[in-house]
Amino acid sequence: MKLISLNKTYPQDWIRQITHIANLFFEDSKVAKKEQEVDLKVHFTSQVDEDYTVHATCELQEQASGAKFYTTFDQPYETLGTDREQNIRLKRAVSYVLLEALEQLTDMHQKWGILTGIRPTKLYHKFRKQGYTKEAIREKLVTEFRLSHEKIDLLERIVAVQLKTIPDLDTIGDEVSIYIGIPFCPTKCAYCTFPAYAIQSNRKQGRVNTFLDGLHIELERMGQWLTENDMKITSIYWGGGTPTSIEADEMDALYETMYKHFPHPETIREVTVEAGRPDTITSEKLAVLRKWGIDRISVNPQSYTDETLKAIGRHHSVQETIDKFWLAREEGMNNINMDLIIGLPNEGLEEFEHSLAESEKMMPESLTVHTLSFKRASEMTHNRDKYQVADRKTAEAMMHRAHEWTDEHDYAPYYLYRQKNILGNLENVGYSKPGEESIYNIVIMEEVQTIIGLGCGASSKFVDAQTGRITQHHNPKEPAAYILTYEEAIEKKIEILNELYGKKVQK
């Protein structure tokens, strides 16, 4: 914990941003109350000059050593901007000088600069759609956001692949995508904060059947609204939890309901089913997927070291992952994604090299490389001393190796996102073979269209294609709460959809 004192009282949005920047360098930081002893004293100045130049300074003093650091920032703008724009510019300038001062204090360089949000590619697309050239975007990202050229190169590659994969990316807001959450898993992993509840105990309590009953109704009602409003669906993603944790006949019934009620099935560009836990994959379930023409799944090893799998609570072996991958291949799964996680307990570069070598034997169509994130609600975060994870330098080396390996094997990065408390301030990157990219992963990360969430823990994002304004609605995470409230959630989502698409509320 690092306590920081500021020279004056700042708005809450500024405090949040200052804290986010400090957390890039320290495990935890907090702006102190006046009476507290602090680790760092920070004095900011910020102003907009007459020529519309934003000017900011930071004087940072470390109390223990007495060391002082002074940084400045100047950024000219063509117009004064609205009050909101001025606030964003000033806050950005203060972030810049604080970042530079902390880099001098710690000798740590942040390649993502002042960006602490989840979607850096969305920022790139924003500038692209405003008409900036690649060169001008690069200049803005360097001078205003302090990004490294290495990260900008990565963003450029990703955006190029996205526009090739979805040529109508800028107009795809006329369609919607669907996310369907199945909240059950065999067990809950130590790093997980997704809606994931042990299926056997919930089945004994009758919650699995009652949840599925509610989900069927959600599928029917949403299908009715989509049909009445002649909406086309871009992609459908079955997530969770683990959607293949339920039985084959239960999966079959859900897909039947989906295809019976969703309109224009012939124009749906892709349907994906997360089969992330290898211990849930069976020939019977794969046959159901094949019956409905679904051949995009995930089989997620996370690691190819059995000791690691045990430590994080995944009750399957490395060999089971390999066996289930080849079973899926034999059963007609033509687009398989596999996930690896950088920085799992007791894993370094040697173990990650081993995971890449095992991946090479299978060559899935896509490989998603996640960096471990300490999510507040996870068991791993609550018991951090129990889990020894890679340091920043090792995590960076592992991510660099992932970039090298994917290049060597003809994978290209096609989507990227970041998380709070992510190891080494790195990123999560999805790589794929040419033409095998997940449309759903792109549209959800770039927030270019409405995604309607059905099922437990499903988040709906209603995107106004004209203004970019996003309205959210969250279904309950727990099966018991979902069962009690799904009908109310259906009505609320339809109300928002009607408002967004200019329809009257249907009775």
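Everything below is about the structure printed above this text.
Residues numbered from 1 in each chain as written. Predicted model: local features only at pLDDT ≥ 70, side-chain atom pairs only at ≥ 80, totals over all residues. Heavy atoms only, no water.

Trainee: Break down the overall build of the protein for me, citing the residues and quoting the values.
Mentor: Across its full length, the protein carries 16 helices and 18 strands. Its C-alpha atoms give the protein a radius of gyration of 24 Å, near enough to 23 Å, the size a compact globule of 507 residues would have. Burial statistics for the protein: of 507 residues in total, 55% are counted as buried. Summarising the internal contacts of the protein: among those between residues at least 6 apart in sequence, 72% fall at separations of at least 24. When the accessible surface of the protein is totalled, it reaches about 22600 Å², and 48% of it is carbon and sulfur. Across the protein, the mean location of the 61 positive side-chain charges is 4 Å away from that of the 78 negative side-chain charges. (Helix = DSSP H or I, 4+ residues; strand = E, 2+ residues; numbered from the N terminus. Rg over C-alpha atoms; globule rule 2.2 N^0.38 Å. Buried < 20%, exposed > 50% of the residue type's maximum accessible area, 1.4 Å probe, protein only. Contact = heavy atoms within 4.5 Å. Areas by Shrake-Rupley, 256 points an atom, 1.4 Å probe, with all protein chains shown as cover. Lys, Arg positive; Asp, Glu negative; His and termini not counted. Charge placed at Lys NZ, Arg CZ, Asp CG, Glu CD.)

Trainee: Would you mind going over the packing of helix α7 (residues 207–228) against helix α8 (residues 248–261) in detail, with residue names and values included?
Mentor: Running from N to C, α7 and α8 point in directions that differ by 15°, and their axes come no closer than 8 Å. In this view, α7 runs roughly parallel relative to α8, as classed from their interaxial angle. The interaxial crossing formed by α7 with α8 has right-handed handedness. Contact residues: Val 208, Asn 209, Leu 212, Leu 215, His 216, Leu 219, Glu 220, Gly 223, Gln 224 and Thr 227 in α7; Glu 250, Ala 253, Leu 254, Thr 257 and His 261 in α8. Of the residues contributing to the contact of α7 with α8, the split by class is 6 nonpolar, 7 polar and 2 charged. (Axes fitted to C-alpha atoms, helices over the stretch in contact; angles between N-to-C directions. Parallel < 35°, antiparallel > 145°, perpendicular 65-115°, else oblique. Left-handed = near helix turned anticlockwise from the far one by under 90°. Nonpolar A, V, L, I, M, F, W, Y, C, P; charged D, E, K, R; others polar.)

Trainee: Run through the pairing of strand β18 (residues 470–474), naming residues and quoting values.
Mentor: Sheet topology places strand β17 (residues 459–463) next to β18; 5 bridges connect them, and they run antiparallel. What sits directly across from Val 463, in β18, is Ile 470. Hairpin remark: β17 followed by β18, antiparallel, with 6 residues in the connecting loop; positive phi at Gly 468, about 80°. (Pairing = 2+ DSSP bridges.)

Trainee: Tell me what's going on with the pattern of salt bridges, and back it up with residues and numbers.
Mentor: Opposite charge on two side chains permits pairing when their charged atoms draw close. All chains considered together, the criterion is met by 32 salt bridges. In this structure, Arg 119 engages Glu 447 in a salt bridge whose closest nitrogen and oxygen atoms are separated by 3.5 Å. Note that Arg 119 is positioned in the loop between α2 (83–106) and α3 (120–129) and Glu 447 in the loop between α15 (439–446) and β16 (450–455), a separation of 328 residues in sequence. Here Glu 175 and Arg 269 are joined by a salt bridge, their closest N and O atoms 3.6 Å apart. Of the two residues, Glu 175 is situated in the loop between α5 (149–165) and β6 (176–182) and Arg 269 in the loop between α8 and β10 (270–274); the sequence distance between them amounts to 94 residues. Put simply, Lys 111, Glu 150, Lys 151 and Glu 427 are held in one network by salt bridges that share partners. (Salt bridge = Lys/Arg side-chain N within 4 Å of Asp/Glu carboxyl O.)

Trainee: Got a sec to walk through the pairing of β16? Specific residues and values, please.
Mentor: The buried count for β16 comes to 6 of 6 residues, which makes it a mostly enclosed element. Here β6 runs beside β16; their pairing, made up of 6 bridges, is parallel. Across the sheet, the residue bridging to Gly 181 is Gly 455, located in β16.

Trainee: Residues and numbers for the side chain of Lys 285, please.
Mentor: As for its position among the elements, Lys 285 is in helix α9 (residues 283–291). The side chain of Lys 285 sits in the buried core without any salt bridge; Glu 247 is the nearest counter-charge, 5.2 Å away. Here Thr 244 takes part through its backbone oxygen, which lies 2.6 Å from a polar atom of the side chain of Lys 285. Leave out the neighbours within four places in its chain, and Lys 285 touches Thr 244, Ser 245, Ile 246, Glu 247, Ala 248, Met 251 and Thr 280. (Polar contact = N/O pair within 3.5 Å; in protein donor to acceptor, adjacent residues only side chain to side chain.)

Trainee: Tell me about the environment of Ala 248, and please be specific about residues and values.
Mentor: Summarising the element assignment, Ala 248 is placed in helix α8. On the basis of relative accessible area, Ala 248 is assigned to the buried category, the value being 16%. Along the primary structure Ala 248 and Ala 287 are separated by 39 residues, whereas in three dimensions their C-alpha atoms are 8.5 Å apart. When neighbours within four sequence positions are excluded, Ala 248 is seen to be in contact with Glu 284, Lys 285 and Val 288.

Trainee: Give me the packing of aromatic side chains: which residues, what numbers.
Mentor: Taken as a whole and judged by the stated rule, the model has 18 aromatic pairs. Ring centres 6.2 Å apart and planes at 50° place the aromatic pair Phe 127 and Phe 145 in the tilted group. Taken together, the residues Phe 127 in helix α3 and Phe 145 in the loop between α4 (134–143) and α5 connect sequence positions 18 residues apart. An aromatic cluster is defined as three or more aromatic residues linked by ring pairs; in this entry it consists of Phe 184, Phe 211, Tyr 482 and Tyr 486. Between Lys 2 and the ring centre of Phe 26, over which it is positioned, the NZ or CZ distance is 5.4 Å. Over the aromatic face of Tyr 411 sits the side chain of Lys 433, whose NZ or CZ is 4.5 Å from the ring centroid. (Phe/Tyr/Trp six-rings, centres within 6.5 Å; stacked < 30°, edge-to-face > 60°. Lys NZ or Arg CZ within 6 Å of the ring centre and 35° of its normal.)

Trainee: Outline the sheet that holds strand β2 (residues 29–31), supporting the account with residue identities and numerical values.
Mentor: The strand order across the open sheet built from 5 strands is β2-β1-β3-β4-β5, with neighbouring strands paired in mixed fashion. At either end of the open sheet lies a strand with only one pairing partner, and these are β2 and β5 (68–75). Within the sheet, the average angular offset between the axes of one strand and its neighbour, ignoring direction, is 20°. Here strand β3 (residues 40–48) runs beside strand β4 (residues 54–62); their pairing, made up of 9 bridges, is antiparallel.

Trainee: Would you mind going over unusual backbone geometry in detail, with residue names and values included?
Mentor: Cis geometry marks the peptide bond from Gly 240 to Gly 241, where omega comes out at 15°. Examined against the element boundaries, Gly 241 turns out to sit in the loop between β9 (233–240) and α8. Even without a glycine there, the phi angle at Asp 107 is positive, about 60°. Along the chain, Asp 107 turns up in the loop between α2 and α3. In this structure, Asn 346 takes a positive phi of about 65° despite not being glycine. Here Asn 346 is to be found in the loop between β12 (335–342) and α12 (349–362). For Asn 346, a relative accessible area of 58% puts it in the exposed group.

That's the geometry; what it means functionally is another story.
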